[in-house]
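Read off the chains here:
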Amino acid sequence: MLDQAQIDHDRDLTAFDQNHQMFRSLNQLMWQIPIIAMTLTGGLWFGVSKVDDTPLFQTCLLFLACVGNVGLIVVLARLRYIMGEYLIWLKDFHPRGFVAADGYGVGTNSHTVRRVFQVLLGLVAIVSGVLMVSTAMRMEWYGKPEAATQLSHTFRDGQTDGELARSHEVVESGNAHDEFV
């Protein structure tokens, strides 16, 4: 029969093994996030390049790229925080066997990789946002304003008040304002 010390030791080893495996899984996830970001952003930007005639759709795709990259910045921060908690536990569990690579400067400390990923994701989010605003500003919701004004004046001049009123009443609001529908 096992004594309590042996049971506690076995539990500690099991906890160490599980925490070590979890840390390794989280580390793999951290390295996959840039690939996810490149796939997401690349796909959305490709979509923007293929729908030249629909600036509203382009704006929506760019908005998704911007929000997606900001979301991945947050995910990276949370993931690295959890990884840090596992590292603290692993170090406390077996200080003599723990290997630390604290670094001595900006490029070598333990948060360098996360920070580089976050800066790059932030830049992509900014570029997506600028492109989104630029695309939205180019949108012509009702065609060219000058042409629409001229067309309406020409139409109005050729109608009597009664004819104009009847012509407006026969158009359903869904057809008159299909941009909103």
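Right above here is the structure, for reference.
Residues numbered from 1 in each chain as written. Predicted model: local features only at pLDDT ≥ 70, side-chain atom pairs only at ≥ 80, totals over all residues. Heavy atoms only, no water.

Overview of the packing of aromatic side chains
To describe a pair of aromatic rings, you give the distance between the ring centres and the angle between the ring planes. Across all of its chains, the model carries three aromatic pairs by this definition. Seen from their ring centres, Trp-31 and Phe-117 are 5.5 Å apart, and the 90° between their planes marks the pair as edge-to-face. Residue Trp-31 is found in helix 1 (residues 4–50), and its partner Phe-117 is found in helix 3 (residues 112–138); the two are separated by 86 residues along the sequence. Note on Trp-31: relative accessible area 45%, which makes it partly exposed. An angle of 10° between the planes, with centres 5.2 Å apart, marks the rings of Trp-89 and Phe-93 as stacked. With Trp-89 and Phe-93 both in helix 2 (residues 55–93) and four residues apart, the pair spans about one turn of that helix. The exposure class assigned to Trp-89 is partly exposed, which follows from its relative accessible area of 31%. What makes Phe-93 partly exposed here is its relative accessible area of 30%. Through a chain of ring-to-ring contacts, the aromatic side chains of Phe-16, Trp-89 and Phe-93 assemble into a single cluster. (Phe/Tyr/Trp six-rings, centres within 6.5 Å; stacked < 30°, edge-to-face > 60°. Helix = DSSP H or I, 4+ residues; strand = E, 2+ residues; numbered from the N terminus. Buried < 20%, exposed > 50% of the residue type's maximum accessible area, 1.4 Å probe, protein only.)

A word on helix 1
In this model, helix 1 (47 residues) spans 67 Å end to end at C-alpha, consistent with the 69 Å of a helix rising 1.5 Å per residue. At Gln-32, helix 1 shows its largest bend, some 30°, and a proline, Pro-34, comes one to four positions later. Along helix 1, the residues that are buried comprise Asn-19, Phe-23, Leu-26, Met-30, Ile-33, Pro-34, Ala-37, Thr-41, Leu-44, Gly-47 and Val-48. On the buried face of helix 1, the contacting elements are helix 2 and helix 3. (Expected span 1.5 Å × (residues − 1). Bend = angle between axes of the 7 residues up to and from the residue. Contact = heavy atoms within 4.5 Å.)

Some remarks on the packing of helix 1 against helix 3
When two helices pack together, their arrangement is given by the angle between the helix axes and by the axis-to-axis distance. Between helix 1 and helix 3, the shortest axis-to-axis distance is 11 Å and the interhelical angle comes to 10°. Judged by the inter-axis angle, helix 1 sits roughly parallel to helix 3. Across the interface between the two elements, Met-30, Trp-31, Ile-33, Pro-34, Ala-37, Thr-41 and Trp-45 from helix 1 touch Val-113, Phe-117, Leu-121, Val-124, Val-127 and Ser-128 from helix 3. Considering only residue class, the contact of helix 1 with helix 3 consists of eleven nonpolar, two polar and no charged. (Axes fitted to C-alpha atoms, helices over the stretch in contact; angles between N-to-C directions. Parallel < 35°, antiparallel > 145°, perpendicular 65-115°, else oblique. Nonpolar A, V, L, I, M, F, W, Y, C, P; charged D, E, K, R; others polar.)

By themselves, these figures tell us nothing about what the structure is for.
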